[in-house]
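# Analysis of the macromolecular model
Chain by chain, the residues run as shown.
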Amino acid sequence: MAEQNDSLVQVRDLYKRFSISGDFLDQLQFKGGKITRHQEYVHAINGVSLDVMPGEALCVVGESGCGKSTVARTVMGLLTPTAGQISYRGERIDNLSDKQMLPYRKKMQMIFQNPYASLNPRMTIMETLQEPIRFHNPSMTLTEVKDKIAEVMLSVGVDPSWGERYSHEFSGGQRQRISIARALAVDPEFIVADEPISALDVSIQAQVLNLMMDAQEQRNLTYLFITHDLSVVEHFGTRVAVMYLGTLCELAPTKQLFSSPRHPYTQALMSAIPRLEDDRPDYIKLSGEVPTPVNLPSGCVFHGRCPHANERCKQEIPVLTLLDDGTQVACHGVEENRL
Amino acid sequence: MPLLEVNNLEVCFGLRSGAVKALRNVSFTLERGERLGIVGESGAGKSVLGFSIINLLSRPGRISSGNVHFEGYDLAHLAPEELRSIRGNRISMIFQDPMMTLNPVLTIGTQMVECLLAHRKISVVDAKRIALKKLQQVQIPSPEKRLDQYPHELSGGMRQRIVIAIGLLLDPDIIIADEPTTALDVTIQAEIMDLMLNLCEQNNVALILITHDLGVVSQVTQRMLVMYAGRIIEQGPTKEVINDAQHPYTQGLMNALPQMAIPGQKLNQIKGTMPPLQRIPKGCSFNPRCEYVMDICEQKLPSFTESGNCQVACHMVAESKQDELLGNEV
Amino acid sequence: MAESTQNMEQHPTALQRFKASHFWHSFKIDRVAQFSFLIFLTYAILAISASFIAPFDPYDASQIDIMNSEIPPSWQEEGEEDFILGTDAQGRDMLSTILYGTRVSLMIGLCAVALQALLGIVIGLTAGYIGGRVDSFLMRIADIQLSFSTLMVAIIVLAVFQATFGTELYQQLAMIMLILVIGIAEWPQYARTIRASVLAEKKKEYVDAARVMGFGRLRIMFRHILPNTLSPILVISTVQIANAIISEASLSFLGLGMPVSQPSLGSLISSGFEYIFSGAWWITVIPGVVLIVLVLVMNLLGDWMRDVLNPKLYKG
């Protein structure tokens, strides 16, 4: 059973790995006169624990391949976790059947990254919005459904008279609004947004972010916001979780994180944001490349690129510990007061 | 005399629904060793501009008028063979996707040597030596090993470094980089941008950086152009444009950045979207989205007004400058 | 109620949408496609109205006179005005027989392809969407099915059927048997094509969005994914109709197809083959040309459609 607390969504010790060895036949290898079965995995998430509090916007930040999208998709039940638990209001939801999951589908919704792929090209906007409403509210009359559609379309700033059009007639920003409308159509309380603005232009990004903030205020939403863009996080997030190679490095309230980042990776990441004010970038240079998640490094996953790594970092996996200022950091250096 | 001079460049795309002008009346200059940023949202025509400088537009696009002067040549009206000797040789191009430049079935070394031999009369051994030197310049770990590797064996950041090395191979005068770091992570992006900046400074190479990222432009370039709907609407020294943008669109773009807003507050958004090229409004193309729109904006296309060291195409700026002048005279 | 009125409103816009589409535009500029479509349309109209426009009814024994056998086409010296394309060995009017034969061939082709499509779509969608072991299992069956050539399967099945149930029953059921055999033998083509495009569509986020909504598998497969795989289905259908017509013709030529009393184009060709060296070339050659032209235009249409609907070849 999940421990009781007042979090809306609770993720505990989540692990997710993907097999990359193909079929059973592809896995067989001939070695030293024997046929052995050999399997390789991508370790996308390695022991992530998170709590999403009601009403907050928890941002998960990291570079490509760090597992942040996998976290989002696992929370939404699009992927089954290899190990670990996901609970919604204290009820475990990661092991439910499709049918048992239905009541949660109404409460948890998702906004996707690519506005060009997230709307069905063969459906009109009306059909796209109508289907979820009728599916989850079979007792609603047609007029009620129509009213509901008009309401969500207006709330995302899309003219309801466009309903008969197909998605390809809209620009990227408008499509993302329609995507948001679809998510809002079933009156969810929790929304997972997987890089919702990274495919959009700067001026449109601002529109969509504002829209999401309005929706949060009016509908009392909770967000799990996945992004690679730290400058968006600073603006949008209540708390920030920084991920690297499938593990959580640091989890802190936004202000705290931006004023005093503790983990060396967070520090490097923040210094790399191109800002308007600075004259010349003065960023912390990380040596080397991100290791592949197929063969994870021993100890702290960041030790190969960390300027402060020592012997202990290479051997022992650091655990997320709560500091006095409310920051949670997984770093031996911070723990030992070296940093 | 500037290294590159673009005069009244117009690019047309002949589409089924009729000809569409992707670039209108674009003029700018580039000095030797200068770093110029071209900023705009998707559809503003910034990539088309990059391609048309080296006359690399593919059908149905074509340069319909204007010229591009480079060392006494007009690249817009040059025979294909002569163009080829300039392209890659004197002006090289870096794309967003490194795989547009790299051939997946050839080793890095083969590609670099081939590129050198195509433009220079040197031996293979010399070509290899130059290739190795360039790889060292882009700070790739163990460059000797990379020569024998295939592009798919390298990470995205590494590939982009190779592409930069190939771009530098023939010691060009100009590098045109079209969103070179958009596909990369921030930490890698910072490294690559720093590298490009240093290389351009050391080798006195001019850089045309095409990007949508104002942060990158502000850190790398000396001068910048802001494009909107196929036109340049503001140009000037980067610092001046960034710190004191004159055109309402540039201001809006700057203010829309999350870092310009108070955390937790709403962002300052520009309403609406950029019009598609077929439906550019009359007068100033930004007028339907502009907060300060005046009657004249819907009627007449604004011409450039000098404002400090910047040129701005905006009626409002023009008026306020005129008022200033009159005020001074009185 | 409200939905039907909605459709009424939508109808003109759907037509306008079609007129503005890339599909219609490419058709307008492609002479070959227009020409092929025109010929196909002619075939279809002639075949449908065969019983009205044919001068004789070849199925009606009372209209056949054995004395009229092997009359050459009317433009030849010995030809007769009544029989424009001559008669066959049994004295049937060639023109009428060809019209009826085209109807039989087209009917078999369309129905067999409809059956193939039904099987292929269901199996391809299931394999592609569910994936894993189900996918491996279904695709291995498809591989096995493909390794028997259509003709081989058809010959065995039809021959066994004829031997077991006698020729009389076979002649009654010939058309249905041919449709079943050709339809079942060629579903893997469909299944593979559809599976491939389902795999591509499945990765798109609109499918994830539908899953997040909690929609069931069947709903996602048929309502969300299937409409997006229609382009390859359309392309493959055109080519498959041509293939099915050829298969039927080949089987009939081998004597395993349509009986002589209800000839298809294939059995006509076959029945005239014995007389080709005795000078009665028209019995074989004329239906042969008709068949070749039909298959050719189907293939041309298929090729054109492949060019238009394949987004990889799409040139803006």
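Reading the values: rules and limits
Residues numbered from 1 in each chain as written. Chains lettered and ligands numbered in written order. Predicted model: local features only at pLDDT ≥ 70, side-chain atom pairs only at ≥ 80, totals over all residues. Helix = DSSP H or I, 4+ residues; strand = E, 2+ residues; numbered from the N terminus. Buried ≥ 20, exposed ≤ 12 C-beta atoms within 10 Å, placed from the backbone. Contact = placed C-beta atoms within 7 Å. Nonpolar A, V, L, I, M, F, W, Y, C, P; charged D, E, K, R; others polar. Pairing = 2+ DSSP bridges. Axes fitted to C-alpha atoms, helices over the stretch in contact; angles between N-to-C directions. Parallel < 35°, antiparallel > 145°, perpendicular 65-115°, else oblique. Left-handed = near helix turned anticlockwise from the far one by under 90°. Expected span 1.5 Å × (residues − 1).

## Digging into the overall build of chain C
Of regular secondary structure, chain C possesses 13 helices and zero strands. Taken from N to C terminus, the helices and strands of chain C fall in the order α-α-α-α-α-α-α-α-α-α-α-α-α. Along the three orthogonal principal directions, the C-alpha set of chain C runs to about 75 × 50 × 40 Å. Relative to its 316 residues, chain C shows a buried fraction of 40%.

## Describing the interface of chain A and chain C
Contacts between the two partners involve 20 residues from chain A and, on the opposite side, 15 residues from chain C. For the side of chain A that touches chain C, the secondary structure elements donating two or more residues are α3 (98-107), β8 (108-111) and α4 (125-136) of chain A. With three residues, the single largest contributor to the side of chain A that touches chain C is α3(A). Among the residues forming the side of chain A that touches chain C, the class breakdown is 12 nonpolar, four polar and four charged.

## So, the sheet that holds strand β6 (residues 83-88) of chain A
Residues and elements named next belong to chain A. Strand order in the open sheet formed by four strands is β4-β1-β6-β7, with antiparallel pairing between adjacent strands. In this open sheet, the two edge strands, each paired with only one partner strand, are β4 (41-52) and β7 (91-92). With five bridges connecting them, strand β1 (residues 9-19) and β6 associate as antiparallel partners. Bridge pairing in β6 places Arg-12 opposite Gln-85. Lying over the sheet, helix α2 (residues 68-75) contacts β1, β4 and β6, oriented at roughly 115 degrees with respect to β1.

## Details of the pairing of strand β10 (residues 231-237) of chain B
Residues and elements named next belong to chain B. Most of β10 sits out of view: six of its seven residues are buried. Sheet topology places strand β9 (residues 223-228) next to β10; six bridges connect them, and they run antiparallel. The residue of β10 that forms the bridge with Leu-225 is Gln-235. Between the end of β9 and the start of β10, which pair antiparallel, lie two residues, with Ala-229 showing a positive phi angle near 50 degrees. Sheet analysis places β10 next to strand β12 (residues 310-313), joined by two bridges and oriented antiparallel. From the neighbouring strand, Gln-235 faces β12, where its bridge partner is Gln-311.

## Some words on unusual backbone geometry
Residues and elements named next belong to chain B. Although it is not a glycine, Glu-71 adopts a positive phi angle of roughly 50 degrees. In this fold, Glu-71 is placed in the loop between β4 (61-70) and β5 (73-74). A positive phi angle, close to 50 degrees, is found at Ala-229, a residue other than glycine. Mapping Ala-229 onto the fold places it in the loop between β9 and β10.

## A word on the packing of helix α12 (residues 265-273) of chain C against helix α13 (residues 282-309) of chain C
When two helices pack together, their arrangement is captured by the angle between the axes and the distance separating the axes. All names here are of chain C. Running from N to C, α12 and α13 cross one another at 155 degrees; their axes reach a closest spacing of 7 Å. Classified by the angle their axes make, α12 and α13 are roughly antiparallel. For the element pair α12 and α13, the recorded crossing hand is left-handed. Of the residues in α13, those in contact with Leu-265, Leu-268, Ile-269, Ser-271, Gly-272 and Phe-273 of α12 are Ile-283, Thr-284, Pro-287, Gly-288, Val-290 and Leu-291. Among the residues making up the contact of α12 with α13, the classes are represented as eight nonpolar, four polar and no charged.

## Description of α4(A)
The first and last C-alpha atoms of α4(A) sit 18 Å apart over 12 residues, in line with the 16 Å expected at 1.5 Å per residue. Where the residues of α4(A) are buried, they touch α5 (142-155) and α6 (172-184) of chain A.

## Comments concerning helix α8 (residues 187-202) of chain C
Residue and element names in this part refer to chain C. Helix length check: α8, at 16 residues, gives a terminal C-alpha distance of 22 Å against a target of 22 Å (1.5 Å per residue), a fit within 8%. Three or more residues of α8 are buried, namely Trp-187, Pro-188, Gln-189, Tyr-190, Ala-191, Ile-194, Arg-195, Ser-197, Val-198 and Glu-201. On its buried face, α8 is in contact with α5 (94-130), α6 (132-147), α7 (150-185), α9 (205-212), α10 (217-225) and α11 (230-253).

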